[in-house]
Amino acid sequence: MKAMLLFLAVILYIGISGCSSNKKIINEKTVIPPGVCRIKAEVVKIDSTLLGGTKNDPCSKAPCIAWIKVKNIIGYGAGSATVKNNDTLKTKFAFTLSPTTKESFPSLKEQLPGLAVGSLFVADIQLLPNMLSGAKKEKLYLVYSYKITN
């Protein structure tokens with residue numbers, strides 16, 4: 001019995017010390033939140049229709065819908081929708097495709113530069129619940145923030 005307890009104590013000690021040594025500190029920016037996919041993409045088409053339901057809705061003042069082509073998958077968060085390189089996705093930009101300002105979005109921590117057809121950017125995208133578009137259901141992805149890249 002003593003030998004068994006000693007054996008278990010040694011195994012436990014090795015397990016704990018092995019887990020704590022050589023830990024890598026993960027940069028916060030590399031952690032991908034659950035439910036999102038981080039991608040590099042290009043804007044291929046912008047829908048100029050203003051969609052806002054109220055005067056205060058940003059989409060009533062500037063376009064929010066664009067089709068983007070996935071250039072590179074950076075990573076997936078737990079439970080995110082699967083997308084592939086070269087997929088073209090319909091996306092809604094929560095803060096529009098226009099540049100943001102402190103006046104238009106005072107609570108936004110980081111102002112966005114705006115996107116145009118041909119713009120390359122990195123963003124976290126999130127699949128919204130299916131919406132009806134005419135007689136067919138289509139996928140719509142949401143983008144809250146992005147960074148322009150080369």
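Look above for the structure.
What comes next is a walk through the structure.

Here's the deal with the overall build of the protein chain
A count of helical and extended segments in the protein chain gives one helix and seven strands. Ordered by position from the N terminus, the helices and strands of the protein chain form the series α-β-β-β-β-β-β-β. Looking at the protein chain as a whole, 27% of its 150 residues are labelled buried. Taking the contacts inside the protein chain whose residues are at least 6 apart along the sequence as the reference set, 63% of them involve residues at least 24 apart.

Section: the pairing of strand β3 (residues 88-93)
Of the strand pairs in this sheet, strand β2 (residues 65-76) and β3 are connected by five bridges, and their pairing is antiparallel. In the strand pairing of β3, Ile65 is matched with Lys92. When β3 meets strand β7 (residues 141-148), the two strands line up parallel, connected through three bridges. Residue Thr91 lies in a different strand from β7, and its bridge partner there is Tyr141.

Quick word on the layout of surface pockets
Volume-wise, the second largest pocket comes out at about 180 Å³. Lining the second largest pocket, in full, are Asn56, Pro58, Lys61, Ala62, Thr96, Ser98, Pro99, Thr101, Ser104 and Phe105. Residue classes in the lining of the second largest pocket are distributed as four nonpolar, five polar and one charged.

Examining the sheet that holds strand β1 (residues 36-47)
Paired through backbone hydrogen bonds, the strands of a sheet run either parallel or antiparallel to each other. The strand order around the closed barrel formed by five strands is β1-β2-β3-β7-β4, and the pairing between neighbours is mixed. Looking at each pair of strands side by side, their axes are set apart by 55 degrees on average, direction ignored.

What to know about the environment of Thr88
One can find Thr88 in strand β3. For the pair Thr88 and Ile68, spaced 20 residues apart in sequence, the C-alpha to C-alpha distance is 5.4 Å. Once residues lying within four places of it in the same chain are set aside, the contact partners of Thr88 are Val44, Trp67, Ile68 and Lys69.

As for the pattern of salt bridges
Applying the stated rule across the entire model yields four salt bridges. A salt bridge links Lys71 to Glu42; its shortest N-O distance comes to 3.2 Å. Of this pair, Lys71 sits in strand β2 while Glu42 sits in strand β1, placing them 29 residues apart in sequence. Here Glu138 ties to Lys90 by a salt bridge, and the two come within 2.9 Å at their closest N and O atoms. Pair noted here: Glu138 is in strand β6 (residues 136-138) and Lys90 is in strand β3, with a separation of 48 residues, a long-range link.

Re unusual backbone geometry
For Asn86, which is not glycine, the phi dihedral falls at a positive 75 degrees. Note on placement: Asn86 falls in the loop between β2 and β3. One non-glycine residue, Thr96, adopts positive backbone phi at about 70 degrees.

What counts, and where the lines are drawn
Residues numbered from 1 in each chain as written. Predicted model: local features only at pLDDT ≥ 70, side-chain atom pairs only at ≥ 80, totals over all residues. Heavy atoms only, no water. Helix = DSSP H or I, 4+ residues; strand = E, 2+ residues; numbered from the N terminus. Buried < 20%, exposed > 50% of the residue type's maximum accessible area, 1.4 Å probe, protein only. Contact = heavy atoms within 4.5 Å. Pairing = 2+ DSSP bridges. 1 Å grid on protein atoms, 1.4 Å probe; cavity = no way out; pocket = protein on both sides within 12 Å on 5 of 7 lines; lining within 4 Å. Points joined across faces, edges and corners; volume = space filled by probe spheres on them. Nonpolar A, V, L, I, M, F, W, Y, C, P; charged D, E, K, R; others polar. Axes fitted to C-alpha atoms, helices over the stretch in contact; angles between N-to-C directions. Salt bridge = Lys/Arg side-chain N within 4 Å of Asp/Glu carboxyl O.

Treat this as a map of the structure, not an account of what it does.
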